[in-house]
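Each chain is listed here by its residues.
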Amino acid sequence: MSNNTLLPPNSTPFERGIAEATARISNVPVPINDLWNPWTCPLNLLPWLAWALNLQTWDSTWPEALKRQQVASAVTIARQKGTAKSVRDVVSSFGSALALREWWETTPKGDPYSFAIVLSVGPNVPQTAEFQQQIMQAVDDAKPVRAHYTLTAGINSMGSIGMLAAGRPVIYRRIEAQEQ
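Residues numbered from 1 in each chain as written. Predicted model: local features only at pLDDT ≥ 70, side-chain atom pairs only at ≥ 80, totals over all residues. Heavy atoms only, no water.

**Some points on the packing of helix 5 (residues 84–93) against helix 6 (residues 129–142)**
Then comes step 1: Where helix 5 contacts helix 6, the two axes come as close as 9 Å, and the packing angle between them is 155°. As summarised for this structure, helix 5 and helix 6 are arranged roughly antiparallel, according to the angle between their axes. Note that helix 5 runs across helix 6; the crossing there is right-handed. Of helix 6, the residues touching helix 5 (which contributes S86, V87, V90 and V91) are I135, A138, V139 and A142.
Then comes step 2: Residues that form the contact of helix 5 with helix 6 fall into these classes: seven nonpolar, one polar and no charged. (Axes fitted to C-alpha atoms, helices over the stretch in contact; angles between N-to-C directions. Helix = DSSP H or I, 4+ residues; strand = E, 2+ residues; numbered from the N terminus. Parallel < 35°, antiparallel > 145°, perpendicular 65-115°, else oblique. Left-handed = near helix turned anticlockwise from the far one by under 90°. Contact = heavy atoms within 4.5 Å. Nonpolar A, V, L, I, M, F, W, Y, C, P; charged D, E, K, R; others polar.)

As structure tokens, this is what we get:
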């Protein structure tokens, strides 16, 4: 037994045995900073980190980038819960965009404590009704409790059209006219 023990001299053999067996536990590396960082946490432990941060919306079928973004924004959203900014942050954490207009910003003014959301689901996230429902659930958790809203949903997509043009060389001949 090592001399680096906190046990008193009159400790029992059982206590000394426990101290010796658990002394090796301190040699096991525990990367605590990596485990609490959503960008470096191993993917199989990410649901546990989401649970520890009290993330309300989670789906195991989401892409890895979306899961990490959800966990990364959880603390900021929780701090601002009940504000328009938290609603914006929730939607952006899902990789989507929104336009939010509160009741006093519309003409004519809307019902007090109401707002309208125009949601555009991004191209790199699932394009399903279930995913939009999960976004709405997260908005319900982040919005002020007294507020109600209307939602208009759309899909953001990007595309490109490739055009290929080949020019055919044309030879122009100058026609000269002579006076006679």
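**What about the confidence of the model for the chain?**
Then comes step 1: When pLDDT is averaged across the chain, the result is 85; 84% of the residues are at 70 or more.
Then comes step 2: Per-element confidence in the chain is highest for helix 3 (residues 46–52), whose mean pLDDT is 96, and lowest for strand 3 (residues 148–155), whose mean pLDDT is 84. (pLDDT = per-residue confidence, 0-100.)

**Some details on the packing of helix 4 (residues 64–79) against helix 5**
Then comes step 1: It is at 9 Å that the axes of helix 4 and helix 5 come closest, and there the two elements cross at 165°. The angle between the axes of helix 4 and helix 5 places the two elements in the roughly antiparallel class. In this structure, helix 4 meets helix 5 at a crossing whose hand is right-handed. Residues L66, Q69, Q70, S73, T76 and I77 of helix 4 pack against S86, D89, V90 and S93 of helix 5.
Then comes step 2: Of the residues assigned to the contact of helix 4 with helix 5, the class counts are three nonpolar, six polar and one charged.

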